[in-house]
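Working through the structure, step by step
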Amino acid sequence: MSQSTRPIRLLLVDDHVPFREGLVRLLGSEPDLEVVAHCSSVTEALQSLSTTAVDIVLLDVDLGTERGFDFLLRARREGFAGPVLVVTAGMAASEAALLISHGAAGIFLKQHSAQLLASGIRTVADGRVWIDQHSLASLVGSQQARLASDRSNLTEREREVLRGVFDGLANKEIATRLQVSES
């Protein structure tokens with residue numbers, strides 16, 4: 001079955017049960033989206049990935065005693081190559097940059113509507129990057145300040161990757177542009 005004829009299968013990882021349950025109901029009303037699993041911890045999420053077909057992971061960065069970044073690293077190490085859309089109340093620009101540099105497909109702030117989230121999910125499913133404008137401005141400002149303070153900290157390759165992110169390219173497109181593997 002092709003992606004266009006079946007719903008986009010979602011794994012929701014968030015430690016707040018009411019938020020998860022509400023999002024399951026809201027996204028369930030979208031005919032092209034299906035929450036196939038939802039959980040509250042890195043361990044549960046990795047278990048779900050090993051037993052359930054998932055197209056996109058919706059990941060909170062603050063999972064109580066755990067961090068979403070840990071999930072992202074472990075999921076990639078265990079072979080999950082699908083997009084991970086970070087859905088968060090907020091985070092530092094440095095953490096956002098770290099998540100993007102390690103393969104997150106985007107950042108969505110929880111203060112926005114479920115309809116906008118559904119649009120972000122579809123964007124990521126199409127292989128594009130979704131970054132909330134506030135997060136993007138923060139990332140750009142942080143990177144500009146970092147570059148201004150010490151350009152030697154960023155290699156030319158890192159600058160090329162960052163240019164690709166800022167151009168809105170997916171990881172695969174950046175890899176193609178740089179003639180390297182996506183990983």
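Residues numbered from 1 in each chain as written. Predicted model: local features only at pLDDT ≥ 70, side-chain atom pairs only at ≥ 80, totals over all residues. Heavy atoms only, no water.

**Some details on the overall build of the protein chain**
When helices and strands are counted, the protein chain shows eight helices and eight strands. Put simply, the protein chain has 183 residues, and 44% of those count as buried. The contacts of the protein chain with a sequence gap of at least 6 include a subset with a gap of at least 24, amounting to 61%. Working note: accessible area of the protein chain is about 9500 Å², and carbon and sulfur atoms make up 52% of it. (Helix = DSSP H or I, 4+ residues; strand = E, 2+ residues; numbered from the N terminus. Buried < 20%, exposed > 50% of the residue type's maximum accessible area, 1.4 Å probe, protein only. Contact = heavy atoms within 4.5 Å. Areas by Shrake-Rupley, 256 points an atom, 1.4 Å probe, with all protein chains shown as cover.)

**Description of the nonpolar core**
Formed by 30 residues in total, the largest nonpolar core has its most connected members in L11, V13, L49, V57 and F71. Elements supplying a minimum of two residues to this core: β1 (8-13), β2 (33-39), α2 (42-51), β3 (56-59), α3 (68-77), β6 (84-88), α4 (93-101) and α8 (171-178). Within the second largest apolar cluster, 18 residues are counted, among which are I8, L33, I56 and A118. (Core = buried A, V, L, I, M, F, W, Y, C linked by side-chain atoms within 4.5 Å.)

**As for the pattern of salt bridges**
Under the criterion given, the structure shown has 13 salt bridges. The shortest N-O distance in the salt bridge between R9 and D55 comes to 2.8 Å. Here the residue R9 occupies a position in strand β1, and D55 occupies one in the loop between α2 and β3, the gap between them amounting to 46 residues. Look at D55 and you get buried, because its relative accessible area is 15%. In this structure, the salt-bridge partner of D126 is R128, at a minimum N-O distance of 3.3 Å. Connected through salt bridges with shared partners, the residues R6, R9 and D55 form a single ionic network. (Salt bridge = Lys/Arg side-chain N within 4 Å of Asp/Glu carboxyl O.)

**Re the packing of aromatic side chains**
For the structure on display, the rule yields one aromatic pair. A ring pair is formed by F108 and W130, whose centres lie 6.4 Å apart and whose planes are at 35°; its orientation type is tilted. Of the two residues, F108 sits in strand β7 (residues 106-109) while W130 sits in strand β8 (residues 130-131), which places them 22 residues apart along the sequence. Over the aromatic face of F19 sits the side chain of K110, whose NZ or CZ is 4.3 Å from the ring centroid. (Phe/Tyr/Trp six-rings, centres within 6.5 Å; stacked < 30°, edge-to-face > 60°. Lys NZ or Arg CZ within 6 Å of the ring centre and 35° of its normal.)

**Comments concerning helix α7 (residues 156-166)**
Turning to α7, its buried residues are R159, L162, G164 and V165. Trailing α7 by a residue or two, G168 shows a phi angle of about 85°, which is positive.

**Quick word on the side chain of E95**
On the secondary structure map, E95 appears in helix α4. What makes E95 buried here is its relative accessible area of 19%. A distance of 2.5 Å separates the side chain of E95 from the side chain of R67, its partner in a polar contact. (Polar contact = N/O pair within 3.5 Å; in protein donor to acceptor, adjacent residues only side chain to side chain.)

**Topic: the packing of α2 against α3**
Contact geometry of α2 with α3 gives a least axis separation of 10 Å together with a crossing angle of 30°. By the angle between their directions, the pair α2 and α3 is classed as roughly parallel. Every pair of crossing elements has a handedness; the one defined by α2 and α3 is right-handed. Contacts between α2 and α3 pair V42, A45, L46 and L49 from the former with F71, R74 and A75 from the latter. Looking at the contact of α2 with α3 residue by residue, the classes come out as six nonpolar, no polar and one charged. (Axes fitted to C-alpha atoms, helices over the stretch in contact; angles between N-to-C directions. Parallel < 35°, antiparallel > 145°, perpendicular 65-115°, else oblique. Left-handed = near helix turned anticlockwise from the far one by under 90°. Nonpolar A, V, L, I, M, F, W, Y, C, P; charged D, E, K, R; others polar.)

**Some words on the sheet that holds β6**
Taken together, six strands build an open sheet; the order of strands is β2-β1-β3-β6-β7-β8 and the sheet is parallel. Edge positions in the open sheet fall to β2 and β8, since each of these has one partner strand only. For β1 and β3, the ladder comprises four bridges, and the chain directions are parallel. If you follow L10 over to β3, its bridge partner there is I56. The strands that helix α1 (residues 17-28) touches are β1, β2, β3 and β6; relative to β2, the one it contacts most, it runs at about 165°. (Pairing = 2+ DSSP bridges.)

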